[in-house]
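# Observations on the three-dimensional arrangement
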Amino acid sequence: MSIVVVRVKEGKCPEGATCISIGRVVPRPNVYIPEGDYLVVMSPAVAQFVDLEKIRARFKCVICVGPATAETVGNCITPREYSSYGVAKLLKELAPGRVVVLRSGMGNDVLKSLVPNVVEVPVYDIVIEPDKLESATAAIVAARAVVLTSATVAEVVASRVDLRGKRVVAIGPVTSAKLAELGIPHVVAPEATIEAAVKTAAVA
């Protein structure tokens, strides 16, 4: 098992890698989505739990964090950099307005720190499942390269596996910041997609 991609939930897996889910997403009940100018969707999972077609007309524009989210949501714009930082840059180029961000309960505070008038709405929570984590641990130990797909995943994996001696790839800047905080040497994928991260992991 040469390249292992560790993610919270199941999803498409690029050729040449083994993708392992360590958890699941659980919807929050009675989510209230306030009025705003810009609606930001931070993951494809949001579309499972929110009727976006019903609410999109209330906003000037829908922004999707990256191509996987855009594919699920449809009819949205994506930033040049597929991360919270990229969304922040895009919002700064648009007319000022209230920004409503739909995301997981474990999201980071990057957007709130960089953009004024941001309201974050947690739509679902992430639950790490012990059985899946146990299987993932064995696969990571056997792998030559490991792709970590979020700061949450990075923290959980680093607490269980010594990643020294492996090629560790962060999917984007937020995951990279967490790995740096944990003191784990790593490289960052040139684009925040699993496909780009796997290609980076494949480089000797």
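See the structure printed just above.
For clarity, every value in this text was computed on a predicted model and none was experimentally measured.

## Examining the overall build of the protein
For the protein, the helix and strand inventory stands at nine helices and 10 strands. Across its three principal axes, the protein shows a C-alpha extent of roughly 50 × 35 × 30 Å. A burial count over the protein gives 50% of its 204 residues as buried. Across the protein, the fraction of contacts at a sequence separation of at least 24, relative to all contacts at a separation of at least 6, is 51%. Charged side chains in the protein number 23 positive and 20 negative. The centres of these two groups are separated by 2 Å.

## Structural notes on the state of the cysteines
Within this structure, the stated rule accounts for two disulfides. The disulfide partner of C13 is C19, and the gap between their sulfur atoms is 2.1 Å. Between C13 and C19, the S-S torsion sits near 85 degrees, and that sign places the bridge as right-handed. Residue classification places C13 among the partly exposed positions, given a relative accessible area of 36%. A sulfur-sulfur separation of 2.1 Å characterises the disulfide bridge that pairs C64 with C76. The sign of the S-S torsion, about -115 degrees, decides the handedness of the disulfide formed by C64 and C76: left-handed.

## Regarding the sheet that holds strand 7 (residues 118-128)
What the five strands build is an open sheet, ordered 3-7-6-4-5; its pairing is mixed. Edge strands, defined here as strands with exactly one partner in the open sheet, are strand 3 (23-27) and strand 5 (61-64). Averaged over all pairs of adjacent strands, the angle between strand axes in this sheet comes to 20 degrees, irrespective of strand direction. By the bridge criterion, four bridges tie strand 4 (residues 38-41) to strand 5 in an arrangement that is parallel.

## Considering the pattern of salt bridges
Pairing between side chains of opposite charge can happen when the charged atoms of each approach one another. In this structure the tally under the stated criterion is 14 salt bridges. Counted as one network, the salt bridges with shared partners bring together R24, E129 and K132.

## Details of the pairing of strand 7
In this sheet, strand 7 lies alongside strand 3 in antiparallel orientation, the contact comprising five bridges. Among the inter-strand pairings, V25 is bridged to a residue of strand 7, identified as I126.

## Overview of the packing of aromatic side chains
If you walk through the whole model with that rule in mind, you get one aromatic pair. An angle of 50 degrees between the planes, with centres 6.0 Å apart, marks the rings of F49 and Y124 as tilted. With F49 in helix 1 (residues 46-49) and Y124 in strand 7, the pair connects residues that are 75 residues apart, well separated along the chain.

## Observations regarding the sheet that holds strand 1 (residues 3-7)
In sheet architecture, strand pairing relies on hydrogen bonds along the backbone and comes in two forms, parallel and antiparallel. Here five strands make up an open sheet; going across it, the order is 2-1-8-9-10 and the pairing parallel. Strand pairing shows two members of the sheet lacking a second neighbour, strand 2 (18-21) and strand 10 (187-188), which therefore form its edges. When strand 1 meets strand 8 (residues 145-148), the two strands line up parallel, connected through four bridges. Pairing of I3 across the sheet is with A145, part of strand 8. Across the sheet, helix 8 (residues 173-181) lies against strand 8, strand 9 (167-170) and strand 10, angled at about 135 degrees from strand 9, the strand it touches most. Taken strand by strand, helix 9 (residues 194-202) contacts strand 1, strand 8, strand 9 and strand 10, and its axis lies near 145 degrees from that of strand 1.

## Some words on unusual backbone geometry
Backbone geometry at N30 places phi at a positive 50 degrees, although glycine is not the residue there. If you check the backbone angles, N75 has positive phi at about 50 degrees while not being a glycine. Here N75 lies in the loop between helix 3 (67-73) and helix 4 (84-93). With a relative accessible area of 70%, N75 lands in the exposed category.

## Topic: the pairing of strand 8
Judged by which residues are buried, strand 8 turns out to be covered on both faces: A145 and V147 on one side and V146 and L148 on the other are all buried. As paired elements, strand 8 and strand 9 share four bridges and run parallel to each other. For V146, the partnering residue across the bridge sits in strand 9 and is V168. Note that the unit made of strand 8, helix 7 (residues 151-158) and strand 9 has a crossover that is right-handed.

Each value, and the rule that gives it
Residues numbered from 1 in each chain as written. Predicted model: local features only at pLDDT ≥ 70, side-chain atom pairs only at ≥ 80, totals over all residues. Heavy atoms only, no water. Helix = DSSP H or I, 4+ residues; strand = E, 2+ residues; numbered from the N terminus. Buried < 20%, exposed > 50% of the residue type's maximum accessible area, 1.4 Å probe, protein only. Contact = heavy atoms within 4.5 Å. Lys, Arg positive; Asp, Glu negative; His and termini not counted. Charge placed at Lys NZ, Arg CZ, Asp CG, Glu CD. Disulfide = S-S within 2.5 Å. Pairing = 2+ DSSP bridges. Axes fitted to C-alpha atoms, helices over the stretch in contact; angles between N-to-C directions. Salt bridge = Lys/Arg side-chain N within 4 Å of Asp/Glu carboxyl O. Phe/Tyr/Trp six-rings, centres within 6.5 Å; stacked < 30°, edge-to-face > 60°. Right-handed = clockwise from strand over helix to strand, strands pointing away.

Worth remembering: the numbers are spatial, not functional.
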